Structures are given as C-alpha cells and as structure tokens.
Amino acid sequence: KAHDLRDVIEKTAFFTDRYARVILPDGKILGTDGEFIDILPQAFAVFAGLKNADIAVKTAYDKLVDRKNRVIRLLSPPFSEEDASKFGYIAAYPKGIRENGGQYTHAAVWLAMALFSIGEREKAMDLVDLINPMGYYDTVKAAESYRAEPFVLAGDVSYADGVVARAGWTHFTGSAAWFYRCIAENYPSIAVDGNAKDKSCN
C-alpha cells in the first residue's frame, strides 16, 4: 500500500522540481506553476522516500534560503488576505509574518534534516548555522534586526517589510527540540559532554 501511495504521489503531486502543497476541493493544485514552493512537501518527500525527493529538497534550499538576512522561509510567495477562505488561518497573517512566508523554524530544521538524509552535508550545515540564534550577533545590524535572546531558539523569524529577520516566539521548545535532534543525529563527532571535536560544529 505504501508503494502504491508513493506511485500515486509521484504521478499527481510532483511537477518538474517540486512537490505540490495541496489539492484544493475544486481540483486545483497549489505548487504546479514553478513559482509557489513550500518546505514541508519537499522535506517530507525525503522522509517518505519519494523518488524525486532529492530534486525537490534542493529546489527548496535554492528558492527559500536567504543567507544575507539569515531567514529560511517556509514558503514563497506568501498568501494574500483573500486566500484565507481557501487556505485557512495561515493566510490571515500578514505577508512575511510567521508561517505566511516567514521562517517557521520547525520547517527550517526539517529542511536541514532532509538535506543531511540525502548526503548534502554542506547545505545542511549551512542551514544549521543560519538557524543558530548566535549568528544574529555577528554584527550590530543583525542583532538590531533580530531583537531576541541569543541563547534560545525563535519559533519563527519574520520576512516582512520593516521587520525582516525579526525573531518571534522565543523559548519555543518544539523547534528547539527538533534542532537538538537534528544536531544529535547528524554530528556523531560531538562528545557527550557537548565539546565539539569537529571545528565545523562549533
């Protein structure tokens, strides 16, 4: 049954370089036009062992990661207010705020985990570095944008005009737990006491 389900997903939900986000009640599919992309279908395609997952997760990395501002967007482009009737509460957030085109840190971590899973260690390490809140304190400008504690993870990071790279929902243990798991499962060179043996882990 799992094999059959994977076949159906490949035939109906994969388009060129990405998996669609949703099939709407009217039969329209979001994510077929080469413009819209969401981390979740791409990362979970890897976890589910789908055939084109490697392509999809690399596309998400290329399209959704903004290194300059240290933001890994959940999706792009964001939904408009008029989309709320189709897509629910996510479209009620302003564009670039929280899940509506901002960084949803759970998903940012899942993208890193998916990249580790397909052997793209360098890209995965890049995301781990971007997610780490300490990185926002490399410059005064970045710290002033982030405006949150450097020692806890933010559940979301904004990508809206005027508040790009602004942290939200700090001390949000769900994303912190996933981040810890990502590191624990993919850094075998880190000692139990937390001392990094590999300089790349510092």
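One can find the structure itself at the top, above this paragraph.
Not measured: the values here are computed from a predicted model.

Parameters at a glance
Residues numbered from 1 in each chain as written. Predicted model: local features only at pLDDT ≥ 70, side-chain atom pairs only at ≥ 80, totals over all residues. Heavy atoms only, no water. Axes fitted to C-alpha atoms, helices over the stretch in contact; angles between N-to-C directions. Helix = DSSP H or I, 4+ residues; strand = E, 2+ residues; numbered from the N terminus. Left-handed = near helix turned anticlockwise from the far one by under 90°. Contact = heavy atoms within 4.5 Å. Nonpolar A, V, L, I, M, F, W, Y, C, P; charged D, E, K, R; others polar. Core = buried A, V, L, I, M, F, W, Y, C linked by side-chain atoms within 4.5 Å. Buried < 20%, exposed > 50% of the residue type's maximum accessible area, 1.4 Å probe, protein only. Pairing = 2+ DSSP bridges. Phe/Tyr/Trp six-rings, centres within 6.5 Å; stacked < 30°, edge-to-face > 60°. Lys NZ or Arg CZ within 6 Å of the ring centre and 35° of its normal. Polar contact = N/O pair within 3.5 Å; in protein donor to acceptor, adjacent residues only side chain to side chain.

1. Side note on the packing of helix H2 (residues 39–47) against helix H3 (residues 53–64)
Where H2 contacts H3, the axes come no closer than 8 Å and their chain directions differ by 145°. The way H2 lies across H3 gives a crossing that is left-handed. Packed against H2, whose contacting residues are Ile 39, Gln 42, Ala 43, Ala 45 and Val 46, the element H3 presents Ala 53, Ala 56, Val 57, Ala 60 and Leu 64 at the interface. Of the residues belonging to the contact of H2 with H3, the class tally is nine nonpolar, one polar and no charged.

2. With respect to the nonpolar core
By size, the foremost hydrophobic cluster in this structure holds 46 residues, and its most contacted members are Ile 39, Ile 72, Phe 79, Leu 111, Leu 115 and Leu 127. Secondary-structure elements contributing two or more residues to this core are H2, H3, helix H5 (105–117), helix H6 (121–131) and helix H8 (173–186). A per-element tally of this core places H5 first, with 10 residues. Setting aside anything within four residues of it in sequence, one finds Leu 127 in contact with Tyr 61, Val 65, Ile 72, Ala 108, Leu 111, Ala 112 and Leu 115. Counting residues in hydrophobic clusters, the runner-up holds eight residues, among them Val 71, Tyr 136, Tyr 146 and Ala 148.

3. A closer look at the sheet that holds strand S11 (residues 167–170)
Whether parallel or antiparallel, the strands of a sheet pair through hydrogen bonds between backbone atoms. Spatially, S9-S10-S11 is the arrangement adopted by the three strands of the open sheet, whose pairing is antiparallel. Looking at which strands have only one partner, the edges of the open sheet turn out to be strand S9 (103–104) and S11. Across two bridges, S9 lies against strand S10 (residues 154–157) in antiparallel orientation. Each residue of the ladder has a partner; that of Gln 103, found in S10, is Val 157.

4. Quick notes on unusual backbone geometry
For residues besides glycine, phi is generally negative; the peptide bonds are generally trans as well. Each neighbour pair has its own omega, and for Ser 76 with Pro 77 the value is -5°, a cis peptide bond. Tracing the backbone through its elements, the reader meets Pro 77 in the loop between strand S8 (75–76) and helix H4 (84–87). Of note in this structure, Ala 165 is not a glycine but carries a positive phi near 70°. Given the relative accessible area of 4%, Ala 165 is considered buried. Phi at Trp 169 is positive, roughly 50°, even though this residue is not glycine. Positionally, Trp 169 belongs in strand S11. On the accessibility criterion, Trp 169 (47% relative accessible area) is partly exposed.

5. Things to note about the packing of aromatic side chains
Scanning all chains against the criterion turns up 10 aromatic pairs. Between the aromatic rings of Phe 44 and Phe 47, the centroid separation amounts to 5.1 Å while the plane-to-plane angle is 85°, which identifies the pairing as edge-to-face. Taken together, the positions of Phe 44 and Phe 47, both in helix H2 and three residues apart, correspond to about one turn of that helix. Ring centres 3.9 Å apart and planes at 10° place the aromatic pair Tyr 136 and Tyr 146 in the stacked group. Here Tyr 136, found in the loop between H6 and helix H7 (140–146), pairs with Tyr 146, found in helix H7; they are 10 residues apart in sequence, far enough to count as distant. Side by side, Tyr 136 and Tyr 146 carry an identical accessibility label, which is buried. In this structure an aromatic cluster arises from ring pairing among Phe 44, Phe 47, Trp 110 and Trp 178. Arg 70 extends its terminal NZ or CZ atom over the ring of Tyr 136, reaching a point 5.1 Å from the ring centre. One Lys or Arg, Arg 98, reaches over the ring of Trp 169 and ends 4.3 Å from the middle of that ring.

6. What about H2?
Considered for burial, the residues of H2 that qualify are Ile 39, Pro 41, Gln 42, Ala 43, Ala 45 and Val 46. In this structure, the buried side of H2 is in contact with strand S2 (18–19), strand S5 (37–38), H3, strand S7 (71–72) and H5. The N-cap residue of H2 is Asp 38: its side-chain oxygen and the backbone nitrogen of Leu 40 are 2.7 Å apart. Where H2 ends, the next residue or the one after it, Gly 49, has phi of about 75°, a positive value.

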